[in-house]
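Here are the chains, one letter per residue:
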Amino acid sequence: MFNNITRKSSPWQLSESQVTDEAFYVNRRQALKKMGFVGAAALLSTNSQADWFSKTPIKPFARQVLSAQQTIVTDEMLTPEAKVISHNNFYEFGTAKNDPVENAQQFKVNPWQLRVSGEVDNAITLDYDDLFKSFTLEERIYRLRCVEAWSMVIPWIGFPLADLIKKAKPNSKAKYVAFETLYDPKQMPGQSSRRIGGGIDYPYVEGLRLDEAMNPLTLLSVGLYGKTLPAQNGAPVRLVVPWKYGFKSIKSIVSIKLVEKMPPTTWNILAPREYGFYANVNPKVDHPRWSQASERRLTSGGLFARNRIDTLPFNGYGEQVAHLYKNMDLRKYY
Ligand SMILES: Nc1nc2c(c(=O)[nH]1)N[C@H]1C(S)=C(S)[C@@H](COP(=O)(O)O)O[C@H]1N2
Ligand SMILES: [Mo]
């Protein structure tokens, strides 16, 4: 139903062949050919647990034909879809990793309104359909590094946040971008109980500096694994900032506001000594209660489960973003 997804070959883009073991990739392509499919989305979509346990309708995207000429340069594997959609942090639905998948299935994502406002010349309200039709959608395979020292590799679908911000025309006062998750305690049990919601004052809020928000890596995601987002992953639209700890990647967004001053952010409010505004992935700056030097890469739960790997500065995206922090002491601005 959505035909506007492109795959760009930018240097930071992990292509599917890069992140998939060669045999798996080749077999999958062969299987696809046999079945007469033209896009990988077809096979990616077959397994899906989401199809049977979700009451939130999850729709497949159509995908362009993949280039046959792709080179394998790393052995990073995609985290299986079943893991991506069942091991979540979304405290509005509870604090255990399996709470969101169990508690978010009735979450209503359509109709939806995402308001872009504040220091802009052209305030915008996007409705549910606009999220999928107003921008050129791309697939982006990114590492996601949670501050809790686990990580995944996820094939997102979305569009650069910069595309939306440009449309809103920020004025000269706009220096930061403030994001807000839906506040709806009737639908989100964590918002009506401090125990279920982990003591957070809702709505969940996040922020970026304007130049971080405009960086081409910064994505507004509307899908993963070839389909619209499951509720537990932040449907219908969530942020993905791959060089920062996962808590910056705020889910189920209703407001994006261009502002003059650094906005408050949920985890910084809750524990300012442990979580800063910047939250760039940094193996040299430990969390006060644990090391950030390495991480547990979540794979299938089988043979390769619980891989311990070194954490990379900026989660491996330094070439694209280190310049944003040139003259900053990253121990101070953690
Ligand atoms: N609104 C909201 N957004 C959120 C969270 C949350 O609790 N509420 N958790 C964050 C954290 S800590 C992480 S690691 C990522 C997890 O995203 P995923 O469940 O899609 O992997 O979402 C982030 N976005
Ligand atoms: Mo996280």
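Just so it is clear, the model here is predicted, and its values are computed rather than measured.

## Quick word on the packing of aromatic side chains
1) Next: Scanning all chains against the criterion turns up 15 aromatic pairs.
2) Next: Relative to tyrosine 317, the ring of tyrosine 142 has its centre 5.8 Å away and its plane inclined at 75 degrees; by these criteria the two rings are edge-to-face. Of the two residues, tyrosine 142 is situated in strand E4 (residues 137–145) and tyrosine 317 in the loop between strand E13 (307–310) and helix H12 (318–321); the sequence distance between them amounts to 175 residues.
3) Next: Residue tyrosine 142 is classed as buried on the basis of its relative accessible area, which comes to 0%.
4) Next: Above the ring of phenylalanine 135, the side-chain terminus of lysine 167 is found at 4.6 Å from the ring centroid.

## Description of the nonpolar core
Nonpolar side chains in soluble globular proteins generally cluster together in the buried interior.
1) Next: If you look at the biggest cluster of nonpolar residues, it comprises 86 residues, and the most contacted ones within it are Leu164 and Ile256.
2) Next: Of all the elements, strand E5 (residues 150–160) adds the most residues to this core, at seven residues.
3) Next: Not counting chain neighbours up to four residues away, the residues in contact with isoleucine 256 comprise Leu114, Arg115, Val116, Ser117, Leu161, Leu164, Val177, Ala178, Phe179 and Leu220.

## Some details on the site of ligand 1
1) Next: Lining the immediate environment of ligand 1, one finds 16 residues, of which Asn88, Tyr91, Glu92, Ser249 and Lys251 sit closest.
2) Next: Measuring from a nitrogen atom of ligand 1, one finds a backbone N or O atom of serine 249 at 2.9 Å.
3) Next: A total of 540 Å² of accessible area belongs to ligand 1 in isolation, and the protein chains cover 98% of it.

## Structural notes on helix H8 (residues 161–168)
1) Next: Buried within H8 are the following residues: Leu161, Ala162, Leu164, Ile165 and Ala168. Along H8, the residues classed as buried sweep out an arc of 160 degrees about the axis, all on the same side.
2) Next: Where H8 terminates, the next one or two residues include lysine 169, which has phi positive at roughly 55 degrees.

## So, the UniProt feature "binding site: Mo-molybdopterin" (unreviewed entry) in the protein chain
1) Next: Following the UniProt record, one finds the feature "binding site: Mo-molybdopterin" (unreviewed entry) at Asn88, Tyr91, Glu92, Cys146, Thr181, Asn233, Arg238, Ser249, Ile250 and Lys251.
2) Next: Mapped onto the elements of the fold, threonine 181 is located in strand E6 (residues 176–181).
3) Next: Contact partners of threonine 181, with chain neighbours within four places excluded, come to Glu92, Met188, Pro203, Tyr204, Ile250, Lys251, Ser252, Ile253 and Val254.
4) Next: Non-local contacts of arginine 238, meaning those with residues more than four positions away in its chain, are made with Trp156, Leu219, Leu220, Ser221, Leu229, Asn233, Ser249, Ile250, Lys251, Ser252 and Ile253.

## Side note on the pattern of salt bridges
1) Next: For the structure shown, the criterion picks out 10 salt bridges.
2) Next: Glutamate 212 is paired through a salt bridge with lysine 244; the nearest N and O atoms lie 2.8 Å apart. Of this pair, glutamate 212 sits in helix H10 (residues 210–214) while lysine 244 sits in the loop between strand E10 (238–240) and strand E11 (253–259); the two residues are 32 residues apart in sequence, bridging distant segments of the chain.
3) Next: Accessibility expressed as a relative area gives 1% for lysine 244, which makes it buried.
4) Next: With a shortest N-O distance of 3.6 Å, glutamate 295 and arginine 297 are connected by a salt bridge. Each member of the pair glutamate 295 and arginine 297 is classed as buried.

Calculation criteria
- Residues numbered from 1 in each chain as written.
- Chains lettered and ligands numbered in written order.
- Predicted model: local features only at pLDDT ≥ 70, side-chain atom pairs only at ≥ 80, totals over all residues.
- Heavy atoms only, no water.
- Phe/Tyr/Trp six-rings, centres within 6.5 Å; stacked < 30°, edge-to-face > 60°.
- Helix = DSSP H or I, 4+ residues; strand = E, 2+ residues; numbered from the N terminus.
- Buried < 20%, exposed > 50% of the residue type's maximum accessible area, 1.4 Å probe, protein only.
- Lys NZ or Arg CZ within 6 Å of the ring centre and 35° of its normal.
- Core = buried A, V, L, I, M, F, W, Y, C linked by side-chain atoms within 4.5 Å.
- Contact = heavy atoms within 4.5 Å.
- Near = heavy atom within 4 Å.
- Polar contact = N/O pair within 3.5 Å; in protein donor to acceptor, adjacent residues only side chain to side chain.
- Areas by Shrake-Rupley, 256 points an atom, 1.4 Å probe, with all protein chains shown as cover.
- Arc of directions from axis to C-beta.
- UniProt positions renumbered as here; feature names shortened; annotations may be inferred.
- Salt bridge = Lys/Arg side-chain N within 4 Å of Asp/Glu carboxyl O.

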